[in-house]
Protein chains: 4
Amino acid sequence: MEPKVQEIPDANWRRKLHEVIFEAETFPGKVFDVILIWAIVLSVVTVVLESVTEVRDEFGEILFAAEWFFTILFSIEYILRLISVKRPWRYALSFFGIVDILAISPTLLSLFVPGFQYLLTIRILRFLRIFRIFKLTEYISEARIITTALKASAKKIGVFILGVVSLVTIIGSLMYVIEGGENGFSNIPLSIYWAVVTLTTVGYGDLAPQTNLGKFFASIVMILGYGIIAVPTGIVTVEISKAVNKSPTENCPTCGSEGHDSDAVYCKYCGSLL
Amino acid sequence: MEPKVQEIPDANWRRKLHEVIFEAETFPGKVFDVILIWAIVLSVVTVVLESVTEVRDEFGEILFAAEWFFTILFSIEYILRLISVKRPWRYALSFFGIVDILAISPTLLSLFVPGFQYLLTIRILRFLRIFRIFKLTEYISEARIITTALKASAKKIGVFILGVVSLVTIIGSLMYVIEGGENGFSNIPLSIYWAVVTLTTVGYGDLAPQTNLGKFFASIVMILGYGIIAVPTGIVTVEISKAVNKSPTENCPTCGSEGHDSDAVYCKYCGSLL
Amino acid sequence: MEPKVQEIPDANWRRKLHEVIFEAETFPGKVFDVILIWAIVLSVVTVVLESVTEVRDEFGEILFAAEWFFTILFSIEYILRLISVKRPWRYALSFFGIVDILAISPTLLSLFVPGFQYLLTIRILRFLRIFRIFKLTEYISEARIITTALKASAKKIGVFILGVVSLVTIIGSLMYVIEGGENGFSNIPLSIYWAVVTLTTVGYGDLAPQTNLGKFFASIVMILGYGIIAVPTGIVTVEISKAVNKSPTENCPTCGSEGHDSDAVYCKYCGSLL
Amino acid sequence: MEPKVQEIPDANWRRKLHEVIFEAETFPGKVFDVILIWAIVLSVVTVVLESVTEVRDEFGEILFAAEWFFTILFSIEYILRLISVKRPWRYALSFFGIVDILAISPTLLSLFVPGFQYLLTIRILRFLRIFRIFKLTEYISEARIITTALKASAKKIGVFILGVVSLVTIIGSLMYVIEGGENGFSNIPLSIYWAVVTLTTVGYGDLAPQTNLGKFFASIVMILGYGIIAVPTGIVTVEISKAVNKSPTENCPTCGSEGHDSDAVYCKYCGSLL
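Below or above, wherever it landed, is the structure these notes cover. This is a predicted model, so every value here is computed, not measured. Per chain, the residues get numbers from 1 upward, laid out in the order the sequence is written. Chain letters and ligand numbers both follow the written order, the letters beginning at A and the numbers at 1. The predicted origin of the model limits local features to residues at a pLDDT of at least 70 and limits the giving and counting of side-chain atom pairs to 80 or more, whereas totals for whole chains, interfaces and linings rest on all residues. Working from all heavy atoms in the structure, the side-chain values ignore hydrogens and water.

1. Some points on the overall build of chain A
To keep it simple, the criterion reads: We count a stretch as a helix when DSSP gives it H or I for four or more residues in a row; a strand needs E for two or more, and each element gets its number in order from the N terminus. The buried label applies to any residue whose accessible area, calculated with a 1.4 Å probe on protein chains only, is under 20% of its type's maximum; exposed applies above 50%, and partly exposed to all values in between. Contacts are assigned to residue pairs with any non-hydrogen atoms lying within 4.5 Å of each other. The method behind every accessible area is Shrake-Rupley, applied with a 1.4 Å probe, and residues are considered shielded solely by the protein chains displayed.
Counting its regular elements, chain A contains 9 helices and 0 strands. Ordered by position from N to C terminus, the α and β elements of chain A give α-α-α-α-α-α-α-α-α. Taken across its 274 residues, chain A has 49% of its residues classed as buried. Considering only intrachain contacts with a sequence separation of at least 6, the fraction spanning at least 24 residues in chain A is 54%. Element-wise, carbon and sulfur atoms account for 67% of the exposed surface of chain A, whose accessible area totals about 13,100 Å².

2. Digging into empty space enclosed by the protein
Selection criterion: Cavities and pockets were defined on a 1 Å grid built over protein atoms only: a cavity is a set of grid points that admits a 1.4 Å probe from which the probe cannot escape, a pocket is an open set flanked by protein on both sides within 12 Å along at least five of seven lines, and lining residues are those with an atom within 4 Å of any such point. Grid points are joined across faces, edges and corners, and a volume is the space filled by probe spheres set on the points. Residues are grouped as follows: Ala, Val, Leu, Ile, Met, Phe, Trp, Tyr, Cys and Pro are nonpolar; Asp, Glu, Lys and Arg are charged; every other residue, Gly included, is polar.
Following the criterion strictly, the structure yields 6 cavities of 30 Å³ or more and no others. Estimates place the volume of the largest cavity at around 130 Å³. Along its surface, the largest cavity is lined by A:Thr201, A:Ile229, A:Thr233, B:Thr201, B:Ile229, B:Thr233, C:Thr201, C:Ile229, C:Thr233, D:Thr201, D:Ile229 and D:Thr233. For the lining of the largest cavity, the secondary-structure elements that each account for two or more residues are helix H8 (212–246) of chain C together with helix H8 (212–246) of chain D. A breakdown of the residues in the lining of the largest cavity according to their chemical character gives 4 nonpolar, 8 polar and no charged.

3. Regarding a nonpolar patch on the surface
All names here are of chain C. Here is the rule we go by: Like charges within 9 Å and nonpolar side chains (Val, Leu, Ile, Met, Phe, Trp, Tyr) within 5 Å are joined into patches, using only residues over 30% in relative accessible area that form no salt bridge. The working definition used for a salt bridge is a side-chain nitrogen of Lys or Arg within 4 Å of a carboxyl oxygen of Asp or Glu.
A grouping of Trp 13, Ile 72, Ile 76, Ile 79, Leu 80 and Ile 83 is seen on the molecular surface, where their side chains present a nonpolar patch of about 560 Å² in accessible area. If you trace the backbone, Trp 13 turns up in helix H1 (residues 12–22). On the basis of relative accessibility, which here comes to 55%, the residue Trp 13 falls in the exposed class.

4. A few points about helix H5 (residues 95–112) of chain B
Residues three or four positions apart in an α-helix share a direction because the helix packs 3.6 residues into each turn. Residues and elements named next belong to chain B. Applied cut-off: By definition here, a helix of n residues has an expected span of 1.5 Å times n minus one. To get the bend at any residue, fit one axis to the seven residues that end at it and another to the seven that begin at it, then take the angle between the two axes.
Given a rise of 1.5 Å per residue, 18 residues ought to cover 26 Å, and the 26 Å separating the end C-alpha atoms of H5 matches this to within 8%. The largest bend in H5 comes to about 40°, at Ser 105, with the proline Pro 106 one to four residues further on. Listed in full, the buried residues belonging to H5 are Phe 96, Gly 97, Val 99, Asp 100, Ala 103, Ile 104, Pro 106 and Thr 107. Against the buried residues of H5 lie helix H3 (53–84) and helix H4 (88–92).

5. Structural notes on the relation of the copies chain B and chain C
Put simply, the rule is: The copies are overlaid by a least-squares fit using only the C-alpha atoms of residues whose pLDDT is at least 70 in both copies.
Laying chain B over chain C is done by rotating through 90° and shifting 0.0 Å along the axis; what remains is an RMSD of 0.1 Å. In the structure described here, the two chain copies are related by an operation that fits a four-fold rotation axis. A different interface surface on each copy is seen, since only 18% of the contact residues of chain B are contact residues in chain C too.

6. Section: the environment of C:Thr71
Residues and elements named next belong to chain C. To be explicit about the condition: Counted as a polar contact is a pair of N or O atoms within 3.5 Å, where, for protein atoms, one must be capable of donating a hydrogen and the other of accepting one, and residues adjacent in sequence contribute only when both atoms are in side chains.
Considering the arrangement of structural elements, one finds Thr 71 in helix H3 (residues 53–84). Given a relative accessible area of 0%, Thr 71 falls into the buried group. Expressed as a C-alpha distance, the spacing of Thr 71 and Val 197, which sit 126 residues apart in the sequence, is 39 Å. Each residue touching Thr 71, except ones within four places of it in the same chain, is listed here: Ile 104, Thr 107, Leu 108 and Arg 126. At a separation of 2.7 Å, a polar atom in the side chain of Thr 71 contacts the main-chain carbonyl oxygen of Glu 67.

7. A look at the packing of helix H8 (residues 212–228) of chain A against helix H7 (residues 188–199) of chain B
This is how it is decided: Axis lines are fitted to C-alpha atoms, over the contacting stretch for helices. Their N-to-C directions set the angle, which ranges from 0 to 180 degrees. Roughly parallel refers to an angle under 35 degrees, roughly antiparallel to one over 145, roughly perpendicular to one between 65 and 115, and oblique to any angle outside these ranges. The handedness criterion is simple: a crossing whose near helix is rotated anticlockwise from the far helix by less than a right angle is left-handed, and one whose near helix is rotated clockwise is right-handed.
It is at 9 Å that the axes of H8(A) and H7(B) come closest, and there the two elements cross at 25°. Looking at the two axes, H8(A) sits roughly parallel to H7(B). At the point where H8(A) passes H7(B), the crossing takes the left-handed sense. Each of A:Lys215, A:Ala218, A:Ser219, A:Met222, A:Ile223 and A:Tyr226 in H8(A) lies in contact with H7(B), whose residues at this interface are B:Leu190, B:Tyr193, B:Val196, B:Val197 and B:Leu199. Class assignment for the residues of the contact of H8(A) with H7(B) results in 9 nonpolar, 1 polar and 1 charged.

8. Remarks on the nonpolar core
Nonpolar side chains tend toward joint burial in soluble globular proteins. Note the cut-off: The nonpolar core is taken to be a set of buried Ala, Val, Leu, Ile, Met, Phe, Trp, Tyr and Cys residues, with the residues joined through side-chain atoms within 4.5 Å.
Ranked by internal contacts, the top residues of the largest apolar core, which has 257 residues, are A:Trp194, B:Trp194, C:Trp194 and D:Trp194. If near-sequence neighbours (up to four positions away) are discounted, B:Trp194 is found in contact with B:Ile171, B:Met175, B:Phe185, B:Leu207, B:Ala208, B:Pro209, B:Ala218 and C:Tyr204.

9. Considerations on the interface of chain B and chain C
For clarity, the threshold we go by: When two components associate, each loses some accessible surface as probed by a 1.4 Å sphere; the sum of these losses over both components is called the buried area.
The interface is formed by 44 residues belonging to chain B together with 45 residues belonging to chain C. Of the roughly 3,900 Å² buried where chain B meets chain C, counting both sides, 78% is carbon and sulfur surface. On the chain B side of the contact with chain C, B:Lys155, B:Met222 and B:Tyr226 bury the most area, a combined 19% of that side's loss. Taken together, the links from chain B to chain C amount to 0 salt bridges. Applying the counting criterion to the chain B and chain C interface returns 3 residue pairs in polar contact (both at pLDDT 80 or more).

10. So, the side chain of D:Asp100
Residue and element names in this part refer to chain D. As for its position among the elements, Asp 100 is in helix H5 (residues 95–112). In this structure Asp 100 comes out as buried when scored by relative accessible area, which is 3%. If near-sequence neighbours (up to four positions away) are discounted, Asp 100 is found in contact with Tyr 78, Arg 81, Tyr 91, Arg 129 and Arg 132.

11. Some thoughts on the pattern of salt bridges
All names here are of chain B. If you walk through the whole model with that rule in mind, you get 28 salt bridges over all chains. One salt bridge connects Glu 67 with Arg 126, and the closest N-O pair in it is separated by 3.2 Å. Taken together, the residues Glu 67 in helix H3 and Arg 126 in the loop between H5 and helix H6 (140–179) connect sequence positions 59 residues apart. With respect to burial, Glu 67 and Arg 126 carry one shared label: buried.

12. What to know about the packing of H1(C) against helix H2 (residues 27–50) of chain C
Residues and elements named next belong to chain C. Two elements in contact, H1 and H2, have axes separated by 7 Å at closest approach and are oriented at 50°. In terms of orientation, H1 lies oblique with respect to H2. Facing H1, whose interface residues are Glu 19, Val 20 and Ile 21, H2 presents Pro 28, Gly 29, Phe 32 and Asp 33. In the contact of H1 with H2, the residues fall into 4 nonpolar, 1 polar and 2 charged.

13. Thoughts on the environment of B:Arg56
Residues and elements named next belong to chain B. Structurally, Arg 56 can be placed in helix H3. We classify Arg 56 as partly exposed; its relative accessible area is 35%. Those residues in contact with Arg 56 that lie beyond four places of it in its chain are Glu 50, Ser 51 and Leu 63.

14. Some details on the packing of aromatic side chains
Heads up, the condition is: When two rings of Phe, Tyr or Trp (its six-membered ring) have centres within 6.5 Å they constitute a pair, described as stacked for plane angles under 30 degrees, edge-to-face for angles over 60, and tilted for the intermediate range. Geometrically, a lysine NZ or arginine CZ counts as sitting over a ring once it is within 6 Å of the ring centre and also within 35 degrees of the ring normal.
Applying the stated criterion across every chain, the model contains 20 aromatic pairs over all chains. Between B:Phe69 and B:Phe70, the ring centres sit 5.4 Å apart and the planes meet at 65°, which makes this aromatic pair edge-to-face. Its relative accessible area of 8% is what places B:Phe70 among the buried residues. Relative to D:Trp194, the ring of D:Phe185 lies with its centre 5.6 Å away and its plane at 75°, an arrangement referred to as edge-to-face. Each of the two residues, D:Phe185 as well as D:Trp194, counts as buried. Clustering of aromatic rings is evident, with ring pairs tying together A:Phe69, A:Phe70 and A:Phe74. Directly above the aromatic system of C:Phe74 lies the positively charged group of C:Arg129, at a separation of 4.6 Å from the ring centroid. Above the face of the D:Phe22 ring, D:Arg81 is positioned so that its terminal group lies 5.0 Å from the ring centre.

15. Observations concerning the side chain of C:Lys215
Put simply, the rule is: Asp and Glu are treated as the negative residues and Lys and Arg as the positive ones, with His and the ends of the chain left uncounted.
On the secondary structure map, C:Lys215 appears in helix H8. Although C:Lys215 lies buried, it forms no salt bridge, and the closest oppositely charged side chain, D:Asp206, sits 5.3 Å away as judged by the N-O distance. Leave out the neighbours within four places in its chain, and C:Lys215 touches C:Pro209, C:Gln210, D:Leu190 and D:Tyr193.

16. Examining H2(C)
Compared with an ideal rise of 1.5 Å per residue, which puts 24 residues at 34 Å, H2(C) spans 35 Å between its outermost C-alpha atoms and is within 8% of the ideal. Buried residues along H2(C) sit against H6 and H7 of chain B together with H1 and H3 of chain C.

Nothing here speaks to function; it is all geometry.
Structure (structure tokens):
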């Protein structure tokens, strides 16, 4: 997600622009980022408020003006971003590039396509743009620890989710047989929904077992859910622990490798003294 | 669950068959596995959709055809599996052997026994067959870590569940005395059900304390539940941590120290080659 | 809870009796324990079933007979226990001694005091007697790890609970001001109950914020509850981790002390080689 | 929060007063603290009970008297605190100084400003004063471990909360599009509230998806919530583990090794005296 060195263009003014927009070391770069964060937050608030009938009725025109103000602002920013990178297409197709275009296109399209109402909500994705701020804050190492841990857990979490999906399918089907349509469990997909609501301990109560056997079975499922919630917690805890312990160590002075334990004396890759 | 070497039959064509069906190293073996996964998923979707009245009314015939298609497919697969192992009975009585027969028998039996409606849901167990895929994926080591941790936790979780069962029995009985039948807590089993719903933080709300004393007592139970949910989490976390740390490392051949990362080349304590 | 050596009486037949009742090494001792477990479970089931109107109406007499059977059985057992220890009073006032008397007294008292109905539920406490079985099972070390971890966490959990009590009091009071009586938050104790239900993520839904401000505030409380649930989990996980790591190590051959880490080379108390 | 040495005044009688009020080493100091705790708890109970209509109707006068008793008591205490520190203004503007004034001012102001009803609830903040007791108890080290861990987690939890806020905003907006106003999801803020209730597994059930697509999407959100709750737990567990391990150990003076238990006398690696 972060532009590599080779992304910086050659022309001097484009390089300057790149520094302001993509970097946060210089003063104009920092100012740009702070303004951007506020614009993002306020534009999200605009979208959210627009959905409330009472607010729209009273402040509709202000919200409309604000929306266009932010759309034009983000459009200019998007064009500047495209200009200030070496390979604009590559940026346009990157994660943040797509988020950028999704953030402005609904409003722009609503000019040409009437009744674009619902798709306007896509604009909410502009909130994702706020994750750019990590590059300018002291929070970057914290964010890295969390994302490292989540990435390292991904495969295990994947296996776990496959297990949970199998489990809720089987539990839901059993509950469909036990309770049946007359108690609200009218088909298997609905019963699977109940199983998810129960196993994750959300428990809306819109669907609850009515028969004694159903209540007994539900009790077992809940106690099972107790044990199951421990699995992702365990996985993520272990990975965070690893990420935290690894993060503060220095690089190997000989081979430059990272990730040595805090009690390591020799580099584990090249064997030279740390 | 996985066939040992001695399960491989002697005859050449049966050995070939064994390789395709049970192994995933060869190309035909991989193709077979991928087809099988899709067949399992689609057959489960068939069972699930069949339970939805609207879908059954409209697409009933397609679902009927699909069901028979998958049943015949799985029947052939089951016979091939029996042929390709040395001791077919042993396979038939293994975990996956029983799951295999449960996956096809309801549909086959419905031919002879009319009104087999509800038992058809047993077919959902064919979902369990998807866990075969672990043998062909890169997820095998992740799955092994989770199952190792769960197995190692089993006894502790058992003691914990006995404690929880005692606790909900006592809490439920107390609540039955406090609230009584007029507030919905009409007998002890129902009150125990409430205790499980509350202690596991599911909280349907179909049964909630009405009296002041009941609400006070329920508050204590909930805060208790807070602490209790920590126990299985703690147990599983510790075991996952062990399983993760144990799985990939070897001791240093020079100084004998442990705890090297799986990607370490040199001992981090004495610097000699691992 | 376990009788010390000095509790064993001198007389030979009393010593024999002690062995059978309190120990589980001999064959009669094991038989006694197994019978006891079943008697406890069945007597608890009797109490639970008795509270269900439909069951009492139909099987009332059988349950009545069963109740008296178990009461007489447990009374004899209690007397034998008193005989087989050196200091009967000391046993009678111990934890299990009190549980024993609570398990039989309600039924016995109901003979003399009519209308003892509700107090009969005290009998459910006889379920606690099942924790005696830990002395005869292989689960003893698992149970010890859990209780050790919980004991070690007790003080920290205490501080945590004081914090939670303060928090729910303040949150409840704020919510009382925000929502007020017309939305169901009719007084502070009730609002505190809501705060407990929300912070522990139980969420019955019998009381939920109606105003926009209330919903906003409730959202903050829920996200707060997310972080708070992590505290007891963290405390207990760390203590279980300690208890697990300490448990399997050998005693010091010189000073006999326990609790050495698994990687210790020298005794940490007397300094001699392990 | 705790007064430094330079806060102790020079005059002898003020120094004595400081010792009694702020310290807990002397006997009068301990007596003062115990009385204070009880006064705080009882005054909080007064505020809580006053909000219950039935209690106010019957015991209104007693509660009124009690309230004034505690207000005068705390006012005297506040004045004494101001006198016994060197720089009263600094104390008055400290955390506990502000809590102190908030605890007494509502009742005092109600004399002059009629209809001060609702603001009286601010008095509940006097509960926070109970956290002073940590200085006199054996719980201080436990409290320090928890607060150290929470402080160390603060930044990571901050990043996590930013992620959760983004997530619930996007989930809420999506659900608003999926379900729409006719199913109760009448605007985005309300849908975000639903997303928080679901993701934190609280699940009131006052708002639940009605459409099939909504239920499917909600199921994904719940399983997602499963994984997400693991993140703060993991963060806090790792920090508590660090805080626990750090607090009591010292390095071996001979071999410099770390990680000795707090009760260790000899180094477990080289056997020399710690």
